[in-house]
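Secondary and tertiary structure notes
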Amino acid sequence: MIDSHLHLDDEKLREKADEIINGLSAHNIEFVINNSCNYQSMLDSVALADKYENVYATVGMHPHESKDFDDKFRRSVSELAQNPKVVAVGEIGLDYYYDLSDRQTQKDVFAEQIEIADKLELPITLHIRDAYGDAWDILSAQKKYLNSGVLWHCYSGSAEFAKQAARQGHYFAFGGAITFKNANKAEVLNAIPFDRILSETDSPYMAPVPLRGTINTPYNIALIVGKIAEIYGKDLLQTERQIRENTLKLFNRIKR
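For the structure given in this document, a descriptive report is provided here. Because the structure is predicted, anything quoted here is derived from the model rather than measured.

**Looking at the side chain of H170**
Position of H170 among the secondary structure elements: in the loop between α6 (159-167) and β7 (171-174). Side chain to side chain, H170 and W152 meet in a polar contact 3.0 Å long. Setting aside residues no more than four positions away along its own chain, H170 makes contact with W136, L139, V150, W152, A165 and R196.

Following this line, the structure appears as structure tokens:
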């Protein structure tokens, strides 16, 4: 199995990161992708990727941190992306739920990071919350830069929106939220082709049922993959294989 989005450098997991990574194979996890949010997390993510064969990294600025985007960050993204273990620019996007950075700043930084990703020939990993309309407008305006793939991390939009994005070849990652009782994800997943689905935990956040409310770890990916298989009506092994194929196709720097 594969965890395409987590944060081992988060303060809730940092002290246990080495232990967690060393236990991945025992939990049938082939590799994980540690996603960046800000300058320090980029450095930490790349350091983990360099240290461990089964850890990859992304570089990029989370919308919460957009107010801190500057020339130093701009240069660092491009420099760090020269490392072959860096597989995407992310997580980037818009978050209007918390508005921790001004919305116009979020939009400007999002649009610029799309262009940076294109120059680096890397896919983008999106964080979009309560901002699907503006996100789509920006993606449409920047369409000429979307040449290496788009992943909607922790997708929470509608089935109709998913169909629209899937027609553009976009991918969608699902985590613990699909196991929540109040989450009607079956309609959404069934609107997305099976060859566009990825699995993630977003550790240490959003632990799946029956562990909801606890600190999440990549070991819980089995619960998420199992739920994806259930919704699609596929057997578990077939689902694992398809998710692996999808992940390697999107993150084509990963050679396994």
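**Some points on the pattern of salt bridges**
Counting across every chain of the model gives 11 salt bridges. Note that R256 is salt-bridged to E30, the shortest N-O span being 2.9 Å. Of the two residues, R256 sits in the segment after α9 (236-250) while E30 sits in the loop between α1 (17-22) and β2 (31-34), which places them 226 residues apart along the sequence. By relative accessible area, which is 35% here, R256 ends up partly exposed. By relative accessible area, which is 24% here, E30 ends up partly exposed. In this structure, the salt-bridge partner of E112 is R74, at a minimum N-O distance of 2.3 Å.

**A short note on the pairing of strand β1 (residues 2-6)**
Of all five residues in β1, five are buried, a share of seventy percent or more. Of the pairings in the sheet, the one linking β1 to β2 comprises three bridges and is parallel in character. Looking at the pairing, L6 lines up with N34 of β2. For the crossover that starts at β1, traverses α1 and ends in the parallel β2, the hand is right-handed.

**Some points on the sheet that holds strand β4 (residues 86-95)**
Sheet strands associate in pairs through backbone hydrogen bonding, adopting either a parallel or an antiparallel arrangement. Here we have eight strands laid out as an open sheet, ordered β1-β2-β3-β4-β5-β6-β7-β8, and parallel in their pairing. The two strands at the open ends of the sheet, each matched to only one other strand, are β1 and β8 (197-199). Between one strand axis and the next, the sheet turns by 30° as a mean value, whatever way the strands run. Looking at chain direction, strand β5 (residues 124-129) and strand β6 (residues 150-152) are connected through three bridges and run parallel. The partner of I124 across the bridge, within β6, is V150. Helix α2 (residues 39-51) rests against β2, β3 (55-59) and β4 of the sheet, and its axis sits at about 155° to β3.

About the cut-offs
- Residues numbered from 1 in each chain as written.
- Predicted model: local features only at pLDDT ≥ 70, side-chain atom pairs only at ≥ 80, totals over all residues.
- Heavy atoms only, no water.
- Helix = DSSP H or I, 4+ residues; strand = E, 2+ residues; numbered from the N terminus.
- Polar contact = N/O pair within 3.5 Å; in protein donor to acceptor, adjacent residues only side chain to side chain.
- Contact = heavy atoms within 4.5 Å.
- Salt bridge = Lys/Arg side-chain N within 4 Å of Asp/Glu carboxyl O.
- Buried < 20%, exposed > 50% of the residue type's maximum accessible area, 1.4 Å probe, protein only.
- Pairing = 2+ DSSP bridges.
- Right-handed = clockwise from strand over helix to strand, strands pointing away.
- Axes fitted to C-alpha atoms, helices over the stretch in contact; angles between N-to-C directions.

None of this, on its own, says anything about what the molecule does.
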